[in-house]
Amino acid sequence: MKLLLAQGMLGLNNGVFYAMMSLGLAVIFGLLNVVNFAHGALYMLGAFVALILYSYVGLWFGMSGFHIGFWPALILTPIIVGGFGILIERFLLRWLYKFDPIYSLLLTFGVTLVLQGLFVNIFSASGTPYPGMPDALKGVVNLGFMMFPKFRLFAIVFSLIVCLIVWYVIERTKVGALLRAGTENPELVKAFGVNVPLMVTLTFGFGTGLAGLAGVLAAPIYSVSPLMGADLIIIIFAVVVIGGMGSIMGAVVSGIALGLIEGVTKVFYAPAANTVIFFLMVIVLLVRPSGLFGREG
């Protein structure tokens, strides 16, 4: 039982990352109908921005002892990555909205390759540890059944809070209602004086900012690598498909649930842990093609 609970906690740790990444992807697809394959690369970019802020900014400005630590990076990185996402939407994706969504997928796949190649050339393909973990989050916490790292526990709680806030804003507030209305009937929303193109741009930037935020949280846990997003994006798409393309609640619930299932699977048959998500995706698509929380038709 202790082993089962321990693997469940580790699975929950992965699950909240799946949930946050899937949430950003679901926001972009659900509100903009854009399949953003660059989401994994933007997650990687978030981890590298945190690393650069800590390790290189001081050197660039001739202040070798200066570091921008984890807490400022937790605020700055989503803004930086979200700003980069705004540039992608404004200068690249906007020209493709009138075409089939496959074109936006191919474009964002190209952006992924460019970002990966750029960071491989600068940092090499090998991983780099993030040295800026705050002292308050170092060490472990005794959960009774295992000693669990403080930072991983913080990442779980923080990610859950972010996911719930985003879901509430989109599904239960006037701002969220305006966003949904702007995608379903933009001409009507324009008639009320709303700048729909700007709203679309900011929404895309917000979705990519969530990927950057997940990257900051992942940096102290996993090795910061140019390929870390490529290893994750396929799983994230599977999570989004299971939850329902564009479903905010589906992204959160399925991400957390699949992380737990993946962790528990390691207890009973470890080799299946890497494929259990895709096996479940096949079952869900056969039974409910729109996903668990998706809308039919």
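In what follows, the structure referred to is the one given above.
Just so it is clear, the model here is predicted, and its values are computed rather than measured. (Residues numbered from 1 in each chain as written. Predicted model: local features only at pLDDT ≥ 70, side-chain atom pairs only at ≥ 80, totals over all residues. Heavy atoms only, no water.)

## Considering the overall build of the chain
At step 1: Scanning the chain from terminus to terminus reveals twelve helices and two strands.
At step 2: Put simply, the chain runs from its N terminus to its C terminus through helices and strands in the order α-α-α-α-α-β-β-α-α-α-α-α-α-α.
At step 3: In terms of its C-alpha atoms, the chain occupies a principal-axis envelope of roughly 55 × 55 × 35 Å.
At step 4: Every one of the 297 residues in the chain was classed for burial, and the buried ones make up 50%.
At step 5: Within the chain, residue pairs in contact and separated by at least 24 positions form 76% of the contacts whose partners lie at least 6 positions apart.
At step 6: Accessible area for the chain stands at about 14100 Å²; split by element, carbon and sulfur atoms hold 71% of it.
At step 7: If you average the places of the 14 positive and of the 9 negative side-chain charges in the chain, the two averages end up 7 Å apart. (Helix = DSSP H or I, 4+ residues; strand = E, 2+ residues; numbered from the N terminus. Buried < 20%, exposed > 50% of the residue type's maximum accessible area, 1.4 Å probe, protein only. Contact = heavy atoms within 4.5 Å. Areas by Shrake-Rupley, 256 points an atom, 1.4 Å probe, with all protein chains shown as cover. Lys, Arg positive; Asp, Glu negative; His and termini not counted. Charge placed at Lys NZ, Arg CZ, Asp CG, Glu CD.)

## Some words on helix H4 (residues 70-91)
At step 1: When the terminal C-alpha atoms of H4 are compared, their 31 Å separation across 22 residues agrees well with the 32 Å that a helix rising 1.5 Å per residue should span.
At step 2: Bending of H4 peaks at approximately 30° at the position of Leu-76, with proline Pro-78 no more than four residues after it.
At step 3: In this structure, the buried side of H4 is in contact with helix H2 (39-55), helix H5 (101-123), helix H6 (150-172) and helix H9 (196-218). (Expected span 1.5 Å × (residues − 1). Bend = angle between axes of the 7 residues up to and from the residue.)

## Remarks on the pattern of salt bridges
At step 1: Under the definition given, this model contains two salt bridges.
At step 2: Residue Arg-94 pairs with Glu-89 through a salt bridge whose shortest N-O separation is 3.4 Å.
At step 3: Residue classification places Glu-89 among the buried residues on the basis of a relative accessible area of 0%.
At step 4: Where Asp-135 meets Lys-138, a salt bridge forms, and the shortest distance between an N and an O atom there is 3.2 Å. (Salt bridge = Lys/Arg side-chain N within 4 Å of Asp/Glu carboxyl O.)

## Focus on the nonpolar core
At step 1: If you look at the biggest cluster of nonpolar residues, it comprises 94 residues, and the most contacted ones within it are Tyr-43, Phe-70, Tyr-130, Val-224 and Ile-277.
At step 2: Considering each element in turn, this core owes the most residues, 17 residues, to helix H1 (residues 2-32).
At step 3: The residues contacting Tyr-130, other than those within four sequence positions of it, are Ala-50, Leu-51, Tyr-54, Gly-69, Phe-70, Ala-219, Pro-220 and Val-224. (Core = buried A, V, L, I, M, F, W, Y, C linked by side-chain atoms within 4.5 Å.)

## Considerations on H9
At step 1: Here H9 spans 33 Å end to end across 23 residues, near enough to the 33 Å set by a 1.5 Å rise per residue.
At step 2: Buried residues dominate H9, accounting for 19 of its 23 residues.
At step 3: Capping of H9 at its N-terminal end is provided by Asn-195; its side-chain oxygen lies 3.2 Å from the backbone amide nitrogen of Leu-198. (Polar contact = N/O pair within 3.5 Å; in protein donor to acceptor, adjacent residues only side chain to side chain.)

## Concerning the side chain of Glu-89
At step 1: Mapped onto the elements, Glu-89 comes out in helix H4.
At step 2: Those residues within four positions of Glu-89 in sequence are excluded, and the remaining contacts are Arg-94, Tyr-97, Val-200, Thr-201 and Phe-204.

## Some details on the environment of Arg-288
At step 1: Mapped onto the elements of the fold, Arg-288 is located in the segment after helix H12 (276-287).
At step 2: When the C-alpha atoms of Arg-288 and Gly-193 are compared, they prove to be 39 Å apart, with 95 residues separating the residues in sequence.
At step 3: Among the polar contacts listed, one links the side chain of Arg-288 to the backbone oxygen of Gly-291, at a separation of 2.6 Å.

## Points about the packing of H1 against helix H10 (residues 228-243)
At step 1: Where H1 contacts H10, the two axes come as close as 9 Å, and the packing angle between them is 70°. Compared by their axis directions, H1 and H10 come out roughly perpendicular. Residue-level contacts link Tyr-18, Met-21, Ser-22 and Leu-25 of H1 to Leu-232, Ile-235, Ile-236, Phe-237, Val-239 and Val-240 of H10.
At step 2: Within the contact of H1 with H10, the residues separate by chemical class into nine nonpolar, one polar and no charged. (Axes fitted to C-alpha atoms, helices over the stretch in contact; angles between N-to-C directions. Parallel < 35°, antiparallel > 145°, perpendicular 65-115°, else oblique. Nonpolar A, V, L, I, M, F, W, Y, C, P; charged D, E, K, R; others polar.)

## Structural notes on the packing of H10 against helix H11 (residues 248-269)
At step 1: Packing of H10 against H11 brings their axes to within 8 Å, and their N-to-C directions diverge by 120°. On the basis of the axis angle, H10 is oblique to H11. For the crossing formed where H10 meets H11, the hand is right-handed. Side by side, H10 and H11 meet where Val-239, Ile-242 and Gly-243 of the first sit next to Gly-250, Ala-251, Ser-254, Gly-255 and Leu-258 of the second.
At step 2: When its residues are assigned to classes, the contact of H10 with H11 shows four nonpolar, four polar and no charged. (Left-handed = near helix turned anticlockwise from the far one by under 90°.)

## As for the environment of Gly-24
At step 1: The topology assignment puts Gly-24 in helix H1.
At step 2: Once you skip the residues sitting within four places of it in the chain, Gly-24 turns out to touch His-39, Gly-207 and Leu-210.

## Some points on the packing of aromatic side chains
At step 1: Here the structure, examined in full by the defined rule, presents 15 aromatic pairs.
At step 2: Relative to Phe-154, the ring of Phe-70 has its centre 6.2 Å away and its plane inclined at 75°; by these criteria the two rings are edge-to-face. Of this pair, Phe-70 sits in helix H4 while Phe-154 is found in helix H6, placing the two residues 84 residues apart along the sequence.
At step 3: Using a relative accessible area of 19% as the deciding quantity, one classes Phe-154 as buried.
At step 4: Both rings, one in Trp-71 and one in Phe-154, keep their centres 5.5 Å apart while their planes meet at 80°; by these two values the pair is edge-to-face. Here Trp-71 is found in helix H4, whereas its partner Phe-154 is found in helix H6, with 83 residues between them in sequence.
At step 5: Taken together, the ring pairs in this structure connect Phe-70, Trp-71, Phe-151, Phe-154 and Phe-158 into an aromatic cluster. (Phe/Tyr/Trp six-rings, centres within 6.5 Å; stacked < 30°, edge-to-face > 60°.)

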